[in-house]
Amino acid sequence: MAHTVLAETTASVSELKRNPMGTVAAGEGAPVAILNRNEPAFYCVPAKAYEALLNRLEDLELNAIANARQGQAEIEVSLDDL
């Protein structure tokens, strides 16, 4: 059965156990697909890549909210009222 691997770098669970930081470094900042019996089990994502992913998701959610509110009536508020 074929499986899609969504990373350029792969490592086995055994390699990850043997040298976790080396496995992360092998990805050079990108996610590493961890394989179990030649099937993707999970992805090892470096902290910076994970933070960037979460920031991108937050931006997409905020854009969706802004797009949904586009065209609504504006409400003027005085700074003194805040």
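Here the structure is shown first, and the text comes after it.
Residues numbered from 1 in each chain as written. Predicted model: local features only at pLDDT ≥ 70, side-chain atom pairs only at ≥ 80, totals over all residues. Heavy atoms only, no water.

**Focus: the overall build of the protein**
- Along the backbone of the protein there are three helices and three strands.
- Relative to the 2.2 N^0.38 estimate, which gives 12 Å for 82 residues, the radius of gyration of the protein is 21 Å and therefore markedly larger than a compact globule would have.
- In terms of overall dimensions, the protein has C-alpha extents of about 60 × 30 × 15 Å along its principal axes.
- By residue count, 13% of the 82 residues in the protein fall in the buried class. (Helix = DSSP H or I, 4+ residues; strand = E, 2+ residues; numbered from the N terminus. Rg over C-alpha atoms; globule rule 2.2 N^0.38 Å. Buried < 20%, exposed > 50% of the residue type's maximum accessible area, 1.4 Å probe, protein only.)

**Some remarks on a nonpolar patch on the surface**
- Side chains of Val5, Leu6, Tyr43, Val45, Tyr50, Leu53, Leu54, Leu57 and Leu60 sit close together on the surface and give an oily, nonpolar patch of about 790 Å² of accessible area.
- No other element matches helix H3 (residues 47-69), which puts five residues into the nonpolar patch.
- Looking at where valine 45 falls in the secondary structure, it is placed in the loop between strand S3 (39-44) and H3.
- On the accessibility criterion, valine 45 (34% relative accessible area) is partly exposed. (Patch = residues over 30% accessible without salt bridge, like charges linked within 9 Å, V, L, I, M, F, W, Y side chains within 5 Å. Areas by Shrake-Rupley, 256 points an atom, 1.4 Å probe, with all protein chains shown as cover. Salt bridge = Lys/Arg side-chain N within 4 Å of Asp/Glu carboxyl O.)

**Some details on the pairing of S3**
- The pairing of strand S2 (residues 32-36) with S3 spans five bridges and is classified as antiparallel. The residue bridging alanine 33 from the neighbouring strand is tyrosine 43, located in S3.
- Connecting S2 to the antiparallel partner S3 that follows it, the hairpin turn spans two residues, and arginine 37 within it adopts a positive phi of roughly 55°. (Pairing = 2+ DSSP bridges.)

**Quick look at the sheet that holds S3**
- The strand order across the open sheet formed by three strands is S1-S2-S3, and the pairing between neighbours is mixed. Only two strands of the sheet have a single partner each, and these edge strands are strand S1 (9-12) and S3. Taken over all neighbouring pairs, the strand axes of this sheet differ in orientation by 35° on average, direction set aside.
- Both S1 and S2 contribute to a ladder of four bridges, which runs parallel. (Axes fitted to C-alpha atoms, helices over the stretch in contact; angles between N-to-C directions.)

**Side note on the side chain of threonine 23**
- Considering the arrangement of structural elements, one finds threonine 23 in helix H2 (residues 20-26).
- Non-local contacts of threonine 23, meaning those with residues more than four positions away in its chain, are made with Ala11, Glu15, Leu16, Val32 and Ile34. (Contact = heavy atoms within 4.5 Å.)

**What to know about the nonpolar core**
- With five residues, the main nonpolar core is built from Ala11, Leu16, Val32, Ile34 and Cys44.
- Those residues in contact with valine 32 that sit more than four places away from it in its chain are Ala7, Thr9, Thr10, Ala11, Thr23, Val24, Gly27, Phe42, Tyr43 and Cys44. (Core = buried A, V, L, I, M, F, W, Y, C linked by side-chain atoms within 4.5 Å.)

**Section: the environment of leucine 16**
- Mapped onto the elements of the fold, leucine 16 is located in helix H1 (residues 13-18).
- We classify leucine 16 as buried; its relative accessible area is 17%.
- Between the C-alpha atoms of leucine 16 and cysteine 44, which are 28 residues apart in sequence, the distance is 9.2 Å.
- Excluding residues that lie within four positions of it along the chain, leucine 16 makes contacts with Thr23, Ile34 and Phe42.

Functional significance is not addressed by these values, which are geometric in nature.
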